[in-house]
Structures are given as C-alpha cells and as structure tokens.
Amino acid sequence: MKQIKTYSQDETVQVGKALGSILEKGDVVLLSGDLGTGKTALTKGIASALGVEDYITSPTFTIVNEYSAEVPLYHFDVYRIADPDEMYDIGFEEYLYGDGVVVIEWAELIKDILPHEFIWVKIRKNPELGLDAREIDIEFIGKKYEGYINRLKI
Ligand code: ADP
Ligand code: MG
C-alpha cells in the first residue's frame, strides 16, 4: 500500500495524474471517502493522464460520464444508486470489461457487484494536519495489478 498526504486540491490532482499514467484499459479504480474529500479531484488527474481533454464534472446525477481518449475514461459516482441491480441496467459489465479505465466514486455502496481485482484509493480528511490536508491510501488488489506499486512514481 502507498500512503500519501496532500495539502491542496492541486496536489490531489497530481496524485491522480501519477496513478493515471500507469493505468491500462480494463483497469478499475475504486474511490472511497466522505463527501468533499477529493474523489472527483483525483479523477481529474487520472483523466488528464489518460489524455482526456474535456472538463470533468461529477456524475452524481448521471451515474456515469464517458470521456473519449486513446484509453477512454468511464467515471462513475454511485452515491445515488439505491439498488446495485440499477448498475446492470446501465450496462455496468460492458464498462468493466470494455476498452477503457473505470473509476467509481462511492464504490463501497455497490460492493456485492464489484470485480475481485481492483485498485482501491481511500481518501480521508485529517483536521490535525490542516483544513485542506488529505490522507490518501492506494492499494493494488489482485494478480492483475502485480507490479503497479513499483511503477507508481509518487
Ligand atoms: P468528492 O468527489 O470526494 O466529493 P471533490 O473532489 O468534489 O470531492 O471536492 C473536494 C473539495 O475539497 C474541493 O472543494 C477542493 O477544493 C477541496 N480540497 C481542499 N483540500 C483538498 C485536497 N488536499 N485534496 C482534494 N481536495 C481538496
Ligand atoms: Mg465526487
């Protein structure tokens, strides 16, 4: 596991960029953390590393936003999903095993339908370190991601 502290939104975007630069199509990144911790900020960095040129907005109401790039980005926010079955209705499996990188905010809310291998990013505020301080843990779970931690330059 990699543990990083950031002290501004931009630093969190940079962490996302570093992570995004090692991702390949089919990779799945789960983001956990309370509202306003920086999940979307980190996703902006991932998008930038993938070469997405569009402005990234939170898919809170749309559940998924798609961004085209050489490796496309499928950005989910499942906060409003009441029943994990809704995910199948919007074609979740096609996204998972598709041609892009999948990023899921609030992934713990759909844990029963997640793949067994994933990159897990947990973000926490730490008021003792300052209002804008965030502690970010990055874990690579499963054989698919062997070696990723050594490639991650943070
Ligand atoms: P989430 O997607 O987790 O709800 P956002 O990325 O939308 O969070 O928002 C994070 C908010 O926290 C932004 O308003 C951002 O400016 C602020 N912020 C302050 N410090 C940080 C930091 N270290 N990393 C990320 N965001 C930060
Ligand atoms: Mg968000």
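Quick caveat: nothing in here was measured; it's all calculated off a predicted structure. (Residues numbered from 1 in each chain as written. Chains lettered and ligands numbered in written order. Predicted model: local features only at pLDDT ≥ 70, side-chain atom pairs only at ≥ 80, totals over all residues. Heavy atoms only, no water.)

A. Representation of the environment of Ile 90 within the structure. As for its placement among the helices and strands, Ile 90 is situated in the loop between helix H3 (85–89) and helix H4 (92–96). In the structure, Ile 90 is positioned 26 residues away from Val 64 in sequence and 8.7 Å away in space, judged by C-alpha atoms. Excluding its chain neighbours within four sequence positions, the residues that come into contact with Ile 90 are Ile 63, Val 64, Phe 76 and Tyr 95. (Helix = DSSP H or I, 4+ residues; strand = E, 2+ residues; numbered from the N terminus. Contact = heavy atoms within 4.5 Å.)

B. Up close: the environment of Asp 77. With respect to the helices, strands and loops of the structure, Asp 77 is situated in strand E4 (residues 73–77). Take Asp 77: its relative accessible area is 3%, and that puts it in the buried class. As a C-alpha pair, Asp 77 and Glu 108 span 31 residues in sequence and 11 Å in three-dimensional space. Those residues in contact with Asp 77, other than ones at most four positions away along the chain, are Ser 58, Pro 59, Thr 60, Ile 63, Glu 105 and Trp 106. (Buried < 20%, exposed > 50% of the residue type's maximum accessible area, 1.4 Å probe, protein only.)

C. Spotlight on helix H2 (residues 39–50). With twelve residues, H2 should reach 16 Å at 1.5 Å per residue; the first-to-last C-alpha distance of 17 Å fits that figure. Across the twelve residues of H2, nine count as buried, placing the element largely inside the fold. Buried within H2 are the following residues: Lys 39, Thr 40, Ala 41, Leu 42, Thr 43, Gly 45, Ile 46, Ala 47 and Leu 50. On its buried face, H2 is in contact with helix H1 (9–20), strand E2 (28–32), E4, strand E5 (101–105), strand E6 (118–125) and strand E7 (134–141). Looking one or two residues beyond H2, the residue adopting positive phi is Gly 51, at roughly 90°. (Expected span 1.5 Å × (residues − 1).)

D. Examining the pattern of salt bridges more closely. Tallied over the entire structure, the rule returns six salt bridges. Residue Glu 135 pairs with Arg 124 through a salt bridge whose shortest N-O separation is 3.8 Å. Here Glu 135, found in strand E7, pairs with Arg 124, found in strand E6; they are eleven residues apart in sequence, far enough to count as distant. Residue Glu 135 is classed as buried on the basis of its relative accessible area of 17%. Note that Arg 124 is salt-bridged to Asp 137, the shortest N-O span being 3.4 Å. Residue Arg 124 is located in strand E6, and its partner Asp 137 is located in strand E7; the two are separated by 13 residues in the primary sequence. A relative accessible area of 35% means that Arg 124 is categorised as partly exposed. (Salt bridge = Lys/Arg side-chain N within 4 Å of Asp/Glu carboxyl O.)

E. Fine view of the coordination of the magnesium ion (ligand 2). For the magnesium ion (ligand 2), every protein donor is listed as Thr 40 (OG1) and Glu 105 (OE), and the spread of their distances is 2.2 Å. Placement of Thr 40 in helix H2 and of Glu 105 in strand E5 is noted, with a sequence separation of 65 residues between them. Overall, the relative accessible area of 19% leaves Thr 40 in the buried class. A relative accessible area of 3% means that Glu 105 is categorised as buried. (Donors = N, O, S within 2.8 Å, 3.2 Å for Na, K, Ca; no water.)

F. Quick look at the sheet that holds E4. In space, the seven strands of this open sheet follow the order E1-E7-E6-E2-E5-E4-E3, with mixed pairing throughout. The open sheet is flanked by strand E1 (2–6) and strand E3 (64–67), the only strands paired with a single partner. Neighbouring strand axes in the sheet, compared pairwise and without regard to direction, differ in orientation by 15° on average. Two strands pair when backbone bridges link them, and E3 and E4 are joined in this way by four bridges, in the antiparallel orientation. The residue of E4 that forms the bridge with Asn 65 is His 75. (Pairing = 2+ DSSP bridges. Axes fitted to C-alpha atoms, helices over the stretch in contact; angles between N-to-C directions.)

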